[in-house]
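# Architecture and fold: a report
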Amino acid sequence: MWLKNIQGLIEKIDSCIQDGNDESLSLRRLAQDFGYSEYHFSRKFREISGMTFRDYLRYRRLSFSLKRLRDTDEGILSIALDYGFSSHEAFSRAFREAYGVSPTEYRRHPVPVALRTIIRPFDCYLLENGGTSLQSTSSGVKTYFITIPAHKFLHIKNLQSIGYWDFWQKQSLIPGQDCETICGLLDSIQGKLDDVGGTAADSSSGQIMAFINDPAGRICSWGIPLAECYGVRLPADYQGEIPSQMLLTDVPEGEYLVFEHGPFDFETENQLVEQKIEKAMKEFDYASSGCRLDTTAGRVFYFYHDCSRFWKYVRPIKRL
């Protein structure tokens, strides 16, 4: 029950922070709202998030404030007060402790920093238990062609992982490449092409899985060496700093074939949707559509998994 409630709790916390509703953010009030004692609520929250509820609130407020500093010209004191800090000094001290720079320094030079958004504990796909019930879905798989303009792909990659869960298990063994750090860094970067909103509870907005055709990668089921990646697409003219543990790849304009399934319920439909989209990709007749899968080294295959919007594979193609 706790795991089912946690996403609703995180969304409520973010909504209250954005609305300035501090009364609803007290430990007593939230524990009451979700039917727990304060002791049990605090213990379970720390067990899942890795920090106290009080620390989580501070980091979330700082995450929101960082994006206001980055994206607006509002006064620093005004931003500080909006997010519950009593003074410019208190805000600056907390900001520096969290990100290693002062708010003023960050505004002048917004380098990537790891926002403490605690994505991993609330990532349903990492629970590895979705969609065991084969219920009917509301829509099928669409296929269509698109041309994607030239862009950059900022990412980390693993040559040997098999799937999302395995990818993050392997990355967690590499210093600075664990899920929380990487997602936090990517969340702080401005201008992500796939970002659909920014500072909601889903702070992973704009972040996607991908597969790069890499001669050193693991041979996939359809015979292509692929390296599994996680990152963000950025404009072709992106000039921002590159975190030291990440790679920035120029992706030229190209044609792609999209396999897309609409919104679905993760708990009951995930497995079925995966089966349907895998079947659609396996059975697609490339030749009759006048194209073939592009297996050129360096081509990128994008994968979007967002049950509130779609499940989508984007595969590079070449015209015959």
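What you are looking at is a predicted structure, and each value in this text was computed from that prediction instead of being measured. (Residues numbered from 1 in each chain as written. Predicted model: local features only at pLDDT ≥ 70, side-chain atom pairs only at ≥ 80, totals over all residues. Heavy atoms only, no water.)

## Observations regarding the overall build of the protein
- Within the protein one finds ten helices and nine strands.
- The burial tally for the protein puts 48% of its 320 residues in the buried class.
- Taking contacts inside the protein between residues at least 6 apart in sequence as the whole, the part at least 24 apart equals 73%.
- Total accessible area on the protein is roughly 15400 Å²; 49% of this is exposed by carbon and sulfur atoms. (Helix = DSSP H or I, 4+ residues; strand = E, 2+ residues; numbered from the N terminus. Buried < 20%, exposed > 50% of the residue type's maximum accessible area, 1.4 Å probe, protein only. Contact = heavy atoms within 4.5 Å. Areas by Shrake-Rupley, 256 points an atom, 1.4 Å probe, with all protein chains shown as cover.)

## Re the state of the cysteines
- Applying the stated criterion across every chain yields a total of zero disulfides.
- For the unlinked cysteine Cys 179, the closest cysteine sulfur is that of Cys 183, found at 3.8 Å. (Disulfide = S-S within 2.5 Å.)

## Concerning the pairing of strand β2 (residues 151–158)
- Among the eight residues that make up β2, seven are buried, leaving the element largely enclosed by the rest of the structure.
- Here β2 runs beside strand β4 (residues 225–235); their pairing, made up of eight bridges, is antiparallel. Bridged to Lys 152 within β4 is Leu 234. (Pairing = 2+ DSSP bridges.)

## As for the nonpolar core
- Counting 36 residues, the largest nonpolar core has Trp 168, Leu 186, Tyr 230 and Tyr 286 as its most contacted members.
- It is helix α9 (residues 179–187) that contributes the most residues to this core, five residues altogether.
- Setting aside chain neighbours within four positions, we find Tyr 286 in contact with Leu 257, Phe 259, Cys 291, Arg 292, Leu 293, Arg 315 and Ile 317.
- One finds Ile 10, Tyr 56, Val 101 and Val 113 within the second-largest nonpolar core, a separate group that totals 34 residues. (Core = buried A, V, L, I, M, F, W, Y, C linked by side-chain atoms within 4.5 Å.)

## Here we look at the confidence of the model for the protein
- Looking at the protein as a whole, the pLDDT averages 85, with 88% of positions reaching at least 70.
- The low-confidence segment residues 198–203 (pLDDT under 50) makes 18 contacts with residues lying over four places distant or belonging to another chain. (pLDDT = per-residue confidence, 0-100.)

## Digging into the environment of Lys 157
- Along the chain, Lys 157 falls in strand β2.
- The exposure class of Lys 157 is partly exposed, given its relative accessible area of 33%.
- Along the sequence, Lys 157 and Glu 228 sit 71 residues apart, while their C-alpha atoms lie 5.5 Å from each other.
- Non-local contacts of Lys 157, meaning those with residues more than four positions away in its chain, are made with Phe 167, Gln 171, Asp 214, Ala 227, Glu 228, Cys 229 and Leu 247.
- A distance of 2.6 Å separates polar atoms of two side chains, one belonging to Lys 157 and the other to Asp 214. (Polar contact = N/O pair within 3.5 Å; in protein donor to acceptor, adjacent residues only side chain to side chain.)

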